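Secondary and tertiary structure notes
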Amino acid sequence: MTTAKKTTAGRQGFKTGEAVVYPAHGVGRITAIEEQEIAGYKLELFVVSFEKDKMVLRVPTAKANSVGMRKLAEPELVKKALDVLTGRARVKRTMWSRRAQEYEAKINSGDLISVTEVVRDLYRSEAQPEQSYSERQLYEAALDRVVREISSVNKITETEALKLIEQSLAKSPRRAKADADAEAEGDEGDVEEAA
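Residues numbered from 1 in each chain as written. Predicted model: local features only at pLDDT ≥ 70, side-chain atom pairs only at ≥ 80, totals over all residues. Heavy atoms only, no water.

As annotated in an unreviewed UniProt entry, the protein chain carries the name RNA polymerase-binding transcription factor CarD and comes from Methylorubrum suomiense.

1. Re the overall build of the protein chain
Worth spelling out the cut-off: Only runs of H or I of at least four residues qualify as helices and only runs of E of at least two qualify as strands under DSSP, and these elements are numbered from the N terminus. Buried, partly exposed and exposed residues are distinguished by accessible area as a fraction of the type maximum, computed with a 1.4 Å probe on protein chains only: under 20%, between the cut-offs, and over 50%, respectively. Residue contacts follow a heavy-atom distance rule, with two residues in contact if any of their heavy atoms lie within 4.5 Å. What sets the accessible areas is the Shrake-Rupley method with a 1.4 Å probe; for residues, cover comes only from the shown protein chains.
A count of helices and strands for the protein chain gives 7 helices and 5 strands. Along the chain direction, N to C, the helices and strands of the protein chain fall in the order α-β-β-β-β-β-α-α-α-α-α-α. Every one of the 195 residues in the protein chain was classed for burial, and the buried ones make up 35%. Of the contacts made within the protein chain by residues no fewer than 6 positions apart, 56% connect residues no fewer than 24 positions apart. When the accessible area of the protein chain is evaluated, it comes to approximately 11900 Å², of which 53% is carbon and sulfur surface.

2. Things to note about the packing of aromatic side chains
The line we're drawing: In summary, the pairing rule links any two rings of Phe, Tyr or Trp, Trp by its six-membered ring, whose centres are within 6.5 Å, and it sorts them by plane angle into stacked for under 30 degrees, edge-to-face for over 60 and tilted for everything else.
In the structure shown here, the tally under the stated rule is 3 aromatic pairs. Aromatic pair Trp96 and Tyr103: ring centres 6.1 Å apart, planes at 50°, arrangement tilted. The class for Tyr103 is buried, based on a relative accessible area of 5%.

3. A few points about unusual backbone geometry
Apart from glycine, the bulk of residues carry a negative phi angle, and the bulk of peptide bonds sit in the trans form. Its identity as a non-glycine residue notwithstanding, Ala39 has a phi of 50°, on the positive side. Position of Ala39 relative to the elements: it lies in the loop between strand E2 (26-38) and strand E3 (41-50). A positive phi is found at Lys54, a non-glycine position, where the angle reads about 50°. Among the secondary structure elements, Lys54 is positioned in the loop between E3 and strand E4 (55-60).

4. Description of the side chain of Ser168
Tracing the backbone shows Ser168 in helix H6 (residues 158-170). Ser168 has contacts with Leu82, Leu85 and Thr86, leaving out every residue within four places of it along the chain.

5. A few points about the sheet that holds strand E1 (residues 19-22)
We count it as follows: Note on pairing: DSSP must find at least two bridges between two strands before they are called paired.
Strand order across the open sheet formed by 5 strands is E4-E3-E2-E1-E5, with antiparallel pairing between neighbours. Pairing within the sheet leaves two strands with one partner each, and these edge strands are E4 and strand E5 (70-71). Of the pairings in the sheet, the one linking E2 to E3 comprises 9 bridges and is antiparallel in character. Opposite Gln36, over in E3, you have Leu43 as the bridge partner.

6. Concerning the packing of helix H5 (residues 133-154) against H6
Short version of the rule: Axes here mean lines fitted to C-alpha atoms, for a helix over just the part in contact, with angles spanning 0 to 180 degrees between N-to-C directions. Crossing handedness: left-handed means the near helix sits turned counterclockwise from the far one by under a right angle, and right-handed means the same turn made clockwise. Each residue receives one of three labels: charged for Asp, Glu, Lys and Arg, nonpolar for Ala, Val, Leu, Ile, Met, Phe, Trp, Tyr, Cys and Pro, and polar for the others, Gly being one of them.
Running from N to C, H5 and H6 point in directions that differ by 115°, and their axes come no closer than 8 Å. Seen from above, H5 lies across H6 with right-handed handedness. Across the interface between the two elements, Tyr139, Leu143, Val146, Val147, Arg148, Ile150, Ser151 and Asn154 of H5 pack against Glu158, Ala161, Leu162, Leu164, Ile165 and Leu169 of H6. Partitioning the contact of H5 with H6 into residue classes produces 10 nonpolar, 2 polar and 2 charged.

7. Here's the deal with the packing of helix H4 (residues 112-122) against H5
Helix-helix packing is described using two parameters, namely the angle between the two axes and the distance between the axes. We count it as follows: In what follows, roughly perpendicular refers to angles from 65 to 115 degrees, roughly parallel to angles under 35, roughly antiparallel to angles over 145, and oblique to any angle outside these ranges.
Put simply, H4 and H5 touch, their axes get as near as 9 Å, and they point 135° apart. Considering the angle they form, H4 stands oblique to H5. The crossing of H4 and H5 is left-handed. For the pair formed by H4 and H5, the contact residues are Leu112, Val115, Thr116, Val118, Val119 and Leu122 on the first element and Glu135, Leu138, Tyr139, Ala142, Leu143, Arg145, Val146 and Glu149 on the second.

8. Examining the pairing of E4
In this structure, E3 lies alongside E4, joined through 6 bridges in antiparallel fashion. By the bridge assignment, Leu45 is partnered in E4 with Pro60. In this antiparallel pair of consecutive strands, E3 and E4, the connection spans 4 residues, and Lys54 shows a positive phi of 50°.

9. Topic: the pattern of salt bridges
The following threshold applies: What makes a salt bridge here is a side-chain nitrogen of Lys or Arg within 4 Å of a carboxyl oxygen of Asp or Glu, nothing more.
One pass over the full model with this rule turns up 13 salt bridges. What you see here is one network of salt bridges that share partners, running through Lys52, Asp53, Asp144, Arg148 and Glu158.

10. Some details on the environment of Phe46
Locating Phe46 in the fold gives a position in strand E3. Here Phe46 falls in the buried class, since its relative accessible area comes to 0%. Considering only alpha carbons, one finds Phe46 and Thr31, 15 residues apart in sequence, at a separation of 7.8 Å. Not counting residues up to four positions away in its chain, the partners in contact with Phe46 are Arg11, Phe14, Ile30, Ala32, Ile33, Leu57, Arg58, Val59, Thr61, Ala64 and Met69.

Now the structure itself:
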C-alpha cells in the first residue's frame, strides 16, 4: 500500500495515455511508465511520445516538474491565449539577435501565453513585408506549439486550431490598419497607372 502511494506521489499526477507539454518539444503523450536500472539505481521514467516529430523521450518521474513538464492548459487559458493574439504586437527596438534569443527562450519555456506572444509579435499579414528566414523559423516553431496545444485541449484538428489562431490574429488592431493601408496604397497605385 505504501509503495502505491509513493509511486503515485512520485508521478505528480501524470498517468499513462495523458497528453502533456514538454517545454523543449511541445505536446506529447505519455505512452508508458517504466522502470530502468541506470548506474545501479532503479529509476522510474515517463515514456513521452511526440508522434508528429517521430520522437520518444524518457523523463525521470521525479524530475518531471523541475524540467517543466506540465499537463495541457485549461480551456480558460486557451481562451486567454487566443485573446493575446488579438492584442497589439510588442516588438522591442533591440538588435534582432537579442530579440531572437528572447523569442527562443519564450518558445522553450513551455508556457502557452509566452509562446502565443511570440506568434503575435512575429506574425505577418499578406500586406506586410516578408520575414527573414530566422524570423520565419521562430514564428513557425511557436505557431506549431500553439496549434498542437489548442487542438489537444479543444479536441479539434490542427487545421481547425490554426483557423482559430488566424481569426484571432486578424482581429489585431495593427493587422486591421496594415490591411486597410495596403488597400489604400493599391487604390492609389491604380489611379497613378490610369493617369
